[in-house]
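# Tertiary structure, described
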Amino acid sequence: MIDVNIPTTDLDRLVGGLNSAQRDAVMAPPEHRLVLAGAGSGKTRVLTHRVAWLIAAEQVSPHSILAVTFTNKAASEMRTRIERLLALPTRSMWVGTFHGIAHRILRLHWQEASLPQNFQILDADDQLRLIKRVLRGLNLPEDRWPARSACAFVNASKEEGRRAKDLQDRGDFNHRQYVRIYTAYESACSAAGLVDFGELLLRVYELCRDNGDLRDHYRRRFRHILVDEFQDTNTLQYAWLRLLVGETGALFAVGDDDQSVYSWRGARIEHMMRAERDFPGAQISRLEQNYRSTAIILEAANGLIERNSGRLGKRLWTDGDRGDPIQLYAAFSETDEAEFVCDRIRHHRDQGGRCIDMAVLYRSNAQSRVLEEALVRHQLPYRIHGGLRFFERLEVKDALAYMRLLASRDDDIGFERAVNTPARGIGATTMERLRPLAREAGHSLWYTARAVVVGGGGALGRSTGAVRGFLEFVDALDEATKERSLADRMEAVIASAGLREHYRKEKTEQAETRLENLDELVSACQAFEVEYGRGVHFAEPGAGDEMNAMNPLTAFLAQAALEAGDQQADSGSDCVQLMTLHAAKGLEFPVVFLVGMENGLFPNGRAVNEGNLEEERRLCYVGLTRARQQLYLSHAETRRIHGSEQVGAPSPFLREIPSDCMTEVRPRVGILRPARGFSAKTSPRFREEAVDGYRLGQTVRHARFGEGTILAFDGAGSGARAEVHFRDAGTKWLLLSIAKLQPQ
DNA sequence: GCAGTCGTCATTTTT
DNA sequence: TGACGACTGC
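First, a word on what this report is: a plain description of the structure on this page. Just so it is clear, the structure is predicted and the values come from calculations on it, not from any experiment.

Under the criterion given, the structure shown has 23 aromatic pairs. Ring centres 5.6 Å apart and planes at 90° place the aromatic pair F415 and F470 in the edge-to-face group. With F415 in helix α17 (residues 412–418) and F470 in helix α20 (residues 464–481), the pair connects residues that are 55 residues apart, well separated along the chain. The interplanar angle of 15° and the centroid separation of 5.4 Å between the aromatic rings of F528 and Y532 together place this pair among those described as stacked. A residue pair is termed a helical-turn pair when its members lie 3 or 4 positions apart in one helix, as F528 and Y532 do in helix α23 (residues 511–533) at four residues. No difference in accessibility class separates F528 from Y532, as the two residues are buried.

Structure, rendered in structure tokens:
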């Protein structure tokens, strides 16, 4: 089995550092294999070493390998690590996201897929815009037929592999309307040569399903298909994998059913269970040794996740330290919780810790604001993950709209955006005349507009001149810059379309950032061209003809849609990381704060109503297992949600975590509490150290409630009250004159 | 085409 | 509470 050309020492090096379970998976015979990889068990390691092993030991040509991930980050990391392991170029190996791979196949076989050669990709935002347009075209009021729901319907249908025609004449009135919308949306996309994310996958699936020659071609080619985060595959992705693997391919899928948290995006955890049946002879490996967290954190995570039913079953262990107990803090309010977090961050930093090693995780984005405010108050640098990414920014999309028109005049989304940005007298009225003409003729806006202008412009009335001006402008711009570099063209667009001027005049505080982003966009073009010239994206010596098929402009636009870019430039600096639990999946931090652990918030009330408590629990499991050394959990007794104060019970997950993993943090002496009768924001905080002979933090005994700790004081004289946290009875406000608390 | 106002909505978002 | 979209009036 071992090739004589490859020194044994190199193979040793490939598997030498692996534990036995990892080695078992990496060195497995080239047949179907399912690797259940627990959090922090070296999943990526196994995947990359497996690829290297196939090439080095099994003599598999990189040409026969397809490795699929969900994120661009994972894909590029995988390629980098494989290349480092092998010290060989692996350009003929396909490594990419499901969408990236699908896109690549469609560029190669656009004719077979019945797409125009210069088809363009719609991102989520573009898709929603187009759906809105379709709704207006169908005269469906948006309050009755929300664009978001329609969009969700279309996406869910595509994820299930269903076309509008497959859904016809079934279901209730609502459903039929949605099918109508779906149908109209499909024709709008095809008239404009547009493909959304779901469509990329669906087209490729249909192509492989219906085109035997092509299917056989790819089956012959990709003998080894490796999949990362297998638990996140949706119905369509799974079906496509089955199709591609066929009778001859070998599937190597890595995943963790306990970390499946994207069911609302179509991911089906059942695929993990079904794969054993659908891929005959599939062997299962379990990676349970964890290299990330302390034993105590793993114990908590194991204890929690065991409450879920229907798991494939796994128990994480480590031969590392037990570590420090998880600290649980019961905050008075969300502000107090944020103060606690900041206090601990400062503590860690004072001990020599770096901010970048600390992360605050929450269930919903809305929770970040209070945390941000506190971090600012404490002058702690932070970075929020989430929000708009570079290629999703308004000004960037404006500039790209022109580029899209240069790439494809039929791109309606580009047309809609560019036509009146900056304003050039082609407003809503004009567009409302143009759109139905285009729809009825089944043509793009550009085509229709040109036909009207050439024909005398009667249908457009007074704005005919403006429309003609726009068409001529775009054509002239194209003609003038055709032979120039991508960056030059972008610069020409920004300058001559008047975008730079438009944003220069804008008097908001963001104006400057916007101008900077436009400049950044030109640089991005430059960088892209260098890479593209080197063939980093598509070149494949001897086999890649899609490079010729796709010009740099189209390639750039596709990349902008498929990899919307980083969120912020300052990612390198020493900042506390703030993000949702979903965004934290796949990451790790020495110190983790998991905040907002209240019933209704986490687990999220809506999710529980929909019967997804187990997925919430998995999300909690994901959160716990992000921590390497120290984990803090907190919940607030009251929290402002949508403007009104809500009392929240601690999350049931807190009870499910074995209690010997946790210690309750005693409230600090001098805890901050807003004065009653004043809003937390405007009133000065006051700090009562002692009242009526009692002091904060003091242990007292109550006749009925037992032993407790004084957390706060309020009022004076006969109205003086204390808040006491009782070990067994919870936290209560008691009048000192009545409660007769016994100092202990 | 714009600024101002009102009403509605509020989980997560790899591509 | 506050963000966003639709509507209104110049």
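Across the sheet, which stays open at both edges, the six strands sit in the order β3-β2-β6-β7-β1-β8 with parallel pairing between neighbours. Each having just a single partner strand, β3 (94–97) and β8 (283–287) make up the two edges of the open sheet. Along the sheet, successive strands turn relative to each other by an average axial angle of 15°, direction set aside. Sheet strands touched by helix α5 (residues 98–108): β2 (65–69), β3 and β6 (224–227). Its angle to β3, the strand with the most contacts, is close to 115°.

So, about the protein's contact with DNA strand B. Taken together, 24 residues surround DNA strand B, and among them R265, R363, N365, T580 and R606 come closest. Within 4 Å of the protein, the contacting atoms of DNA strand B are drawn from sugar and phosphate to the extent of 48%. Here a base oxygen of DNA strand B and a side-chain polar atom of W264 are 3.2 Å apart. With respect to DNA strand B, the backbone of N365 contributes an N or O atom lying 2.7 Å from a phosphate oxygen. Broken down by class, the residue content of the surface near DNA strand B amounts to five nonpolar, 13 polar and six charged.

In spatial order, the strands read β11-β12-β10-β13-β14-β9-β17; together these seven strands make up an open sheet with parallel pairing. The sheet terminates laterally at β11 (382–384) and β17 (662–664), the two strands that pair on one side only. Adjacent strand axes in the sheet meet at a mean angle of 25° when their direction is disregarded. Where strand β13 (residues 589–594) and strand β14 (residues 627–636) come together, five bridges link them in parallel fashion. Bridge pairing links F589 to A627 in β14. Contacts between helix α13 (residues 295–305) and the sheet are confined to β9 (326–331) and β14, with β14 contributing the most and set at about 50° to the helix. Against the sheet, helix α15 (residues 368–377) engages β10 (358–362), β11 and β12 (576–580), with an angle of about 160° to β11.

This brings us to the environment of R322. Following the sequence through the fold, R322 ends up in the loop between α13 and β9. In sequence terms R322 and S293 are 29 residues apart; their C-alpha atoms lie 9.1 Å from each other. Engagement of the side chain of R322 in a polar contact is seen with the side chain of E299, the distance being 2.8 Å.

Within the structure shown, the criterion is met by zero disulfides. Just so you know, C575 is unpaired, no disulfide at all, and the nearest cysteine sulfur is the one on C355, 7.5 Å from it.

If charged atoms from side chains of opposite charge come close, those side chains can pair. Throughout the structure, instances matching the rule amount to 54 salt bridges. Between R389 and E392 there is a salt bridge; the shortest N-O distance is 3.5 Å. Residue E598 is joined to R639 by a salt bridge in which the shortest nitrogen-to-oxygen separation is 2.7 Å. Within this pair, whereas E598 is found in the loop between β13 and α27 (605–609), its partner R639 is found in strand β15 (residues 638–641), the two being separated by 41 residues in sequence. Exposure class is identical for E598 and R639. Each is buried.

What follows covers unusual backbone geometry. Of note, the amide linkage connecting T421 to P422 takes the cis form, showing an omega dihedral of -5°. For P422, the location among the structural elements is in the loop between α17 and α18 (428–441). A cis amide bond links F602 with the next residue in sequence, P603, at an omega value of 10°. If you trace the backbone, P603 turns up in the loop between β13 and α27. A positive phi angle is found at E229, which is not glycine, with a value near 50°. With respect to the helices and strands, the residue E229 is situated in the loop between β6 and α11 (235–245). Judged by relative accessible area, E229 falls into the buried class, the value being 17%.

Let's shift gears to the packing of helix α6 (residues 124–137) against helix α8 (residues 173–192). Relative orientation of the contacting elements α6 and α8 amounts to 115°, with a least axis distance of 9 Å. At the point where α6 passes α8, the crossing takes the right-handed sense. Residues Q127, L130, I131, V134 and L135 of α6 form the contact with α8, whose participating residues are I181, A184, Y185, A188 and C189. When its residues are assigned to classes, the contact of α6 with α8 shows nine nonpolar, one polar and no charged.

Looking now at the pairing of β10. With five of five residues buried, β10 lies mostly within the body of the structure. Alternating positions in β10 separate into two faces, M358, V360 and Y362 on one and A359 and L361 on the other, with burial throughout. Here β10 runs beside β13; their pairing, made up of four bridges, is parallel. Counted as the bridge partner of A359 is V592 from β13. Two strands pair when backbone bridges link them, and β10 and β12 are joined in this way by four bridges, in the parallel orientation. When the bridges of β12 are listed, V360 appears paired with L578.

Attention shifts here to the packing of helix α16 (residues 394–407) against helix α25 (residues 552–562). Running from amino to carboxyl end, α16 crosses α25 at an angle of 140°, the nearest separation of the two axes being 10 Å. Compared by their axis directions, α16 and α25 come out oblique. In this structure, α16 crosses over α25, and the sense of that crossing is left-handed. Along the contact surface, α16 presents L400, M403, R404, L406 and A407, while α25 presents L553, T554, F556, L557 and A560. The class makeup of the residues in the contact of α16 with α25 is eight nonpolar, one polar and one charged.

The buried count for α13 comes to nine of 11 residues, which makes it a mostly enclosed element. Within α13, the full set of buried residues consists of I296, I297, L298, A300, A301, N302, G303, L304 and I305. Summarising the contacts, the buried residues of α13 are in contact with β9, α28 (613–624), β14 and α29 (652–656).

Definitions and cut-offs
Residues numbered from 1 in each chain as written. Chains lettered and ligands numbered in written order. Predicted model: local features only at pLDDT ≥ 70, side-chain atom pairs only at ≥ 80, totals over all residues. Heavy atoms only, no water. Phe/Tyr/Trp six-rings, centres within 6.5 Å; stacked < 30°, edge-to-face > 60°. Helix = DSSP H or I, 4+ residues; strand = E, 2+ residues; numbered from the N terminus. Buried < 20%, exposed > 50% of the residue type's maximum accessible area, 1.4 Å probe, protein only. Pairing = 2+ DSSP bridges. Axes fitted to C-alpha atoms, helices over the stretch in contact; angles between N-to-C directions. Contact = heavy atoms within 4.5 Å. Near = heavy atom within 4 Å. Polar contact = N/O pair within 3.5 Å; in protein donor to acceptor, adjacent residues only side chain to side chain. Nonpolar A, V, L, I, M, F, W, Y, C, P; charged D, E, K, R; others polar. Disulfide = S-S within 2.5 Å. Salt bridge = Lys/Arg side-chain N within 4 Å of Asp/Glu carboxyl O. Left-handed = near helix turned anticlockwise from the far one by under 90°. Parallel < 35°, antiparallel > 145°, perpendicular 65-115°, else oblique.

The analysis is restricted to geometry; functional conclusions fall outside its scope.
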